[in-house]
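# Examination of the molecular architecture
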Protein chains: 4
Amino acid sequence: MGMVGGGTGSFIGDVHRKAAAIDGLIVLVCGAFSSSAERAKESGKALFLPENRCYGSFEEMILSEKELPEGERMDFIAITTPNHLHFLPAKFALENGFHVVCDKPMTLNIQEAKELIAVVEATGLLFALTHNYTGHPMVRQAKAMVANGDLGAIRKVQVQYLQGWMATAVEKTANKQAAWRTDPSRSGLGGALGDIGTHAENLTEYITGLKIRELAADLGRFGEGRILDDDGNILLRMENGAKGTLSFSQIAAGEENNLAIRVYGEKGSLEWHQENPNELVTRWIDQPKKVFTPNGNGLYPEAAAVSRIPAGHPEGYLEAFATVYRSFAQHLNAVLKGEAIKDPGYPNVYDGLRGLQFITAAVQSDRNNAAWTKIE
Amino acid sequence: MGMVGGGTGSFIGDVHRKAAAIDGLIVLVCGAFSSSAERAKESGKALFLPENRCYGSFEEMILSEKELPEGERMDFIAITTPNHLHFLPAKFALENGFHVVCDKPMTLNIQEAKELIAVVEATGLLFALTHNYTGHPMVRQAKAMVANGDLGAIRKVQVQYLQGWMATAVEKTANKQAAWRTDPSRSGLGGALGDIGTHAENLTEYITGLKIRELAADLGRFGEGRILDDDGNILLRMENGAKGTLSFSQIAAGEENNLAIRVYGEKGSLEWHQENPNELVTRWIDQPKKVFTPNGNGLYPEAAAVSRIPAGHPEGYLEAFATVYRSFAQHLNAVLKGEAIKDPGYPNVYDGLRGLQFITAAVQSDRNNAAWTKIE
Amino acid sequence: MGMVGGGTGSFIGDVHRKAAAIDGLIVLVCGAFSSSAERAKESGKALFLPENRCYGSFEEMILSEKELPEGERMDFIAITTPNHLHFLPAKFALENGFHVVCDKPMTLNIQEAKELIAVVEATGLLFALTHNYTGHPMVRQAKAMVANGDLGAIRKVQVQYLQGWMATAVEKTANKQAAWRTDPSRSGLGGALGDIGTHAENLTEYITGLKIRELAADLGRFGEGRILDDDGNILLRMENGAKGTLSFSQIAAGEENNLAIRVYGEKGSLEWHQENPNELVTRWIDQPKKVFTPNGNGLYPEAAAVSRIPAGHPEGYLEAFATVYRSFAQHLNAVLKGEAIKDPGYPNVYDGLRGLQFITAAVQSDRNNAAWTKIE
Amino acid sequence: MGMVGGGTGSFIGDVHRKAAAIDGLIVLVCGAFSSSAERAKESGKALFLPENRCYGSFEEMILSEKELPEGERMDFIAITTPNHLHFLPAKFALENGFHVVCDKPMTLNIQEAKELIAVVEATGLLFALTHNYTGHPMVRQAKAMVANGDLGAIRKVQVQYLQGWMATAVEKTANKQAAWRTDPSRSGLGGALGDIGTHAENLTEYITGLKIRELAADLGRFGEGRILDDDGNILLRMENGAKGTLSFSQIAAGEENNLAIRVYGEKGSLEWHQENPNELVTRWIDQPKKVFTPNGNGLYPEAAAVSRIPAGHPEGYLEAFATVYRSFAQHLNAVLKGEAIKDPGYPNVYDGLRGLQFITAAVQSDRNNAAWTKIE
């Protein structure tokens, strides 16, 4: 693995590294950690990388690694930069024969997303999008329960992703995380919408197996001087006639990382909270509430497959993230060995497009005073 | 107290009686429990009432009790009938000199609500609307925290009232509760909207002290053949610029009585769940999460005033309901003694109008494909 | 009902009155609310009682009421005084033909308890002990699950009753509640042991249907100068070979009223918390965790029988207390009509003896450095 | 790192590897994964190790690695075998100049533990014991709060470690985990006592900073034919006069990994649950309940220091385990550079002795019918 972005002090770059390391299948061999050559070298050194594989730019890294003998050169790149720096390295890597793991939202806009799809399809290389929350065992169990019809036809969804860390004007302090997220040139059309709203959208479609058909979005800009949204409330209509709400915020004062979803079917419902990820609460019209746990009783194989440790030992954010990396690595191994793999199970370039379409539709709906807007 | 409706087998009539009894301030002395004279007598007998005070109609009760000497006749009536039978007995009682406690929604429509306000204002008699959830100590604490500015200016509200008991076609069985709720002639414009959506609306305005300025409502009719809504998702815009969502359902399979609210201000937020009513969770931008309990540490006097028992002994639905009755009884005592009382603290005829305006606006918005619609 | 004790400002007297009132089956007709004649009158007046039925002593009340015609005189007395004033009024009432509801612990010692049993058996009158926590629907469900063998043979019990209100020397302030509880002449052999330890003991035997065979008790006296225990940790051995712990405290700083129990059988286990009484959590060796709720799905009839309101509307301390009163009232009605009743379902004089035997054994064990001590 | 034990299919070996990998500071370079040479090779291959560094025994590994040049040979060994195979490899590694990370309980008995202390002291090499639960940020916060006097003097402790996976006779199936745990020759004096009771003991002393002075233990053997305990209830007396209970079980049917502790001081108390490790609940005599979270508001530096990711992103079992490895690696780095390090912060050989003393005292007490027994 070669990393783009994620220099010392980066939040998400460190997460990618830890997630990739957990299962012992992936080794970081090089990186272009920073646009500053000096910081790039320093970051590499702190990661015990040889100096000659700490590159000053992603182009340099990709071109140099390409020259290395097979078995020595990196197999894929991991992109952990702000949103505006996803598309170019992803495209360049693919065009030079490297597989890609990329953070979300995938690109700045639909146009870029479609172009990336074209490159992936043309090259036949692998592309994983780190919608990490899909890696939780209880999210897998939720998806399997819906897919197996346990809940009956889905009627209602409520999903939310609430953070409070931007309740004050942190972007005016030295907070680099806040600075790029509030800057349209680096973040794209959406602020909180792209940053966390897309996680809520992805989780909804992932668990229910249903597309959002149309939405009505009322976005907020509560932080003084903010151009991009920092809050939003959205009505959803799913392709099968189900309805719902999607709410997100980075000004929900006091919230830490409150991603949660409830899905209601004809026969029962389920509820999952990211901050307490090792419980899946299910409620039924004719049975008592049942609570599932990773590696606990009564799971579908899809859920059991992604638990690493015995029941009652909590897994968290890094493990779920690691599951995306692990299934990518397993797919890559299979491909390298010339084996077929059925469903690699990680979010891909089409999920990435879906996220951009969601962002675009929500922004457009908001501009039209929350008028119903179709996705794509 | 004389009761209208609430014969044997009624859910809400029994609740009113228990709630009125708890504090030892109110005695049931007569009733018109059923439109069937026979059932009315039987119900009265089961409640240990003398036969001559079990009336066959509310008109008979009101006119007969009026003839009794002061001190013996009932002081007020409690109306516990389906929605379409609130207005007439309320009006008739007021016009004949009796105070009124009435279940919600107050009337079938705005016109009736305004007429009732006129009668209340003309007679100067007392009128309480049993928005019972306002009686919980932790709801009082929430309201006081907002009013005292602890949270700063309110920016976001999320409120929901989710039940699942109508997930199947219970109205086609012998379920009387479901039958009238799905019948527009008895329930009014709204189904679940009027039955429980109004509780969510009332709780929102009660705690935040803010009016909902406009809404965009997407109502659902998931039960086969249902004319009235059984589900709804609503975007809210509050008078001060805050935004939010209000969701309700009676087809949220597996939910029992999940009324919950979260209110986000500039400095902190609060969260309350009706099914676990003795906790008020608060989160802050600069302090750890704090959880308040009835009669626990750190409460405002408004919350402490309505706790009946020491901290850690849970109070529930009946106690909150009883608090509405108790404050009504205390107001009535004060009035009978010629004393003034500052804020009697129970929901009144204006809250009732507000509920009807909310129902009306939501139905109108829904008919216009969730177009923004002002309340009033 | 005539009340002994429970004058203005009393905690438990007020609880008894509210609990007796909720179901509309019991009316307070007289009282001997205080040993001060003046306070007794004032208390009665505040409760809307006629002056001539506010008595200066329990003897006066019992003898006077006895002279009143049937149908007018009280049917039973409710004893809500400190521990040392339970035995005499109970005995005197029974000897004069009145049934008795009595707070716990029933008497000051085993000797009194046995004497009371003799009187109850000799008179054939009814005697209810207000072990109120047995009235919770989820406690009834727990008992029924064990009785029906759902858990298999019981192997382990953990029970606790933790309060923190005596963490500081409140008995040296004007706190009347603390004053008598720390005074051996009024409280008996046990401090917290008698006050709340007995609830833990009673709950354990009630739910498991098993007697505690022997115990090893290590009592604490953490409050400076306290003669009676304010904390205790006890090892339990049940009659069937199950083992367990029982812990109680009134100096567990920060705890409000944390009574909780976990019972483990061969096939599954259950957990109940008084502060969140409307959930019964069950865990299984081969199924996911199931959570039961009052009037929710999957209950045994014994649990459903004591829920007053639809699922999801919380019931609390007063309702559970009221269930003891209601079943006593129903038994009394049956007896007055000459009907037999199978299991009246309320704690009785034998449970009262059991509590005293538990207190006595625990104090004796503690004096012997926690040596194993048989109960009785 | 070279690993002893932990071949394919091992639970704890895999945990050690993942935990060591997360932070990118430690690389697995060799192993003696199994006593079967063939399985050892296979395990090594699955871990991408070169064949010549997959050894057939720990002796071979230690002696061979010793011959490798510095920088290439392993720096330390990680011992992940059953209890009876801790002492010998640890001693042999130390005597040959390798540092040691060892699973708990450290040895089979006190004698071995003292001998190991002597070797550690004689060689001056590092020794870490993987009492992994000490690595949780909220456990660090708990320890810091007690140390800073926030709770006042400690009065009461309640700790438990409850599992249910041995509720049935799993040791008679192919369950290797159960087989050695129920075998005195491989497990030592204690069964569940050594396996999980020691975690409860360690957590108690770690958080409170107090030694357990004496205990009274009642152990159970509920599984048919079991020689070693599978359940236990213990009374505790701490060195400062505090009292408490410690309960553990592997036959607590339905429990997964319920390690939990409550500590009560004069001014407040704290509560932590391993299954929900990212919350520390604190209660106070004069303030509302406060709940702390990793990287959340109001933490002591000791807690903040061990959180890897922003607040609200849950960390779990592996991360806490990794914290032990990380602090060991940091200590090792410092030592290799000749730097001093103040408190390396990981459990050590003295904690290991403490565990053995606890096991020994508990077994002795149990043999004397739960007589009070001093630790050491």
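Preceding this paragraph is the structure being described.
### Brief notes about the relation of the copies chain A and chain B
Note on the identical chains: chain A maps onto chain B by a rotation of 180 degrees and an axial translation of 0.0 Å, with an RMSD of 0.0 Å. Such values leave the two copies arranged in the relation of a two-fold axis. Both copies present the same face, since 98% of the interface residues in chain A are matched by interface residues at the equivalent positions in chain B.

### Comments concerning the sheet that holds strand β1 (residues 2-4) of chain A
All names here are of chain A. With parallel pairing, the five strands of this open sheet are ordered in space as β2-β1-β3-β4-β5. The two strands at the open ends of the sheet, each matched to only one other strand, are β2 (30-32) and β5 (127-129). Put simply, the sheet's adjacent strands are angled 15 degrees from each other on average, direction ignored.

### Structural notes on the interface of chain D and chain B
Taken together, the contact pairs 11 residues of chain D with 11 residues of chain B. Around 890 Å² of area is buried between chain D and chain B when both sides are counted, 55% of it from carbon and sulfur atoms. The interface formed by chain D and chain B includes two salt bridges. E279 of chain B is the salt-bridge partner of K289 of chain D, the closest N and O atoms lying 3.5 Å from each other. Along the contact surface separating chain D from chain B lie nine residue pairs in polar contact (both at pLDDT 80 or more). With four residues, strand β13 (residues 289-292) of chain D is the single largest residue contributor to the side of chain D that touches chain B. Among the residues making up the side of chain D that touches chain B, the classes are represented as five nonpolar, two polar and four charged. Relative to β13 of chain D, strand β13 (residues 289-292) of chain B is paired through three bridges, and the arrangement is antiparallel.

### Some thoughts on unusual backbone geometry
Note the cis peptide between K104 of chain A and P105 of chain A, where omega equals -10 degrees. Positionally, P105 of chain A belongs in the loop between β4 (99-102) and α5 (110-123). Even without a glycine there, the phi angle at F48 of chain C is positive, about 65 degrees. Following the sequence through the fold, F48 of chain C ends up in the loop between α2 (37-46) and α3 (58-67). With relative accessibility at 54%, the residue F48 of chain C sits in the exposed group.

### Structural notes on helix α1 (residues 11-22) of chain B
Taking 1.5 Å of rise per residue, 12 residues should cover 16 Å, and α1 of chain B covers 17 Å from first to last C-alpha, within 8% of that figure. The element α1 of chain B is largely enclosed, with a buried count of nine among its 12 residues. Residues G13, V15, H16, R17, K18, A19, A20, A21 and I22 of chain B constitute the buried set of α1 of chain B. Packed against the buried residues of α1 of chain B are β1 (2-4), β3 (76-79) and α11 (317-336) of chain B together with α1 (11-22) of chain C. The N-cap residue of α1 of chain B is S10 of chain B: its side-chain oxygen and the backbone nitrogen of I12 of chain B are 3.5 Å apart. In the segment just after α1 of chain B, G24 of chain B is the residue with positive phi, at about 70 degrees.

What counts as what
- Residues numbered from 1 in each chain as written.
- Chains lettered and ligands numbered in written order.
- Predicted model: local features only at pLDDT ≥ 70, side-chain atom pairs only at ≥ 80, totals over all residues.
- Heavy atoms only, no water.
- Least-squares fit on C-alpha atoms with pLDDT ≥ 70 in both.
- Contact = heavy atoms within 4.5 Å.
- Pairing = 2+ DSSP bridges.
- Helix = DSSP H or I, 4+ residues; strand = E, 2+ residues; numbered from the N terminus.
- Axes fitted to C-alpha atoms, helices over the stretch in contact; angles between N-to-C directions.
- Buried area = accessible area lost by both parts, 1.4 Å probe.
- Salt bridge = Lys/Arg side-chain N within 4 Å of Asp/Glu carboxyl O.
- Polar contact = N/O pair within 3.5 Å; in protein donor to acceptor, adjacent residues only side chain to side chain.
- Nonpolar A, V, L, I, M, F, W, Y, C, P; charged D, E, K, R; others polar.
- Buried < 20%, exposed > 50% of the residue type's maximum accessible area, 1.4 Å probe, protein only.
- Expected span 1.5 Å × (residues − 1).

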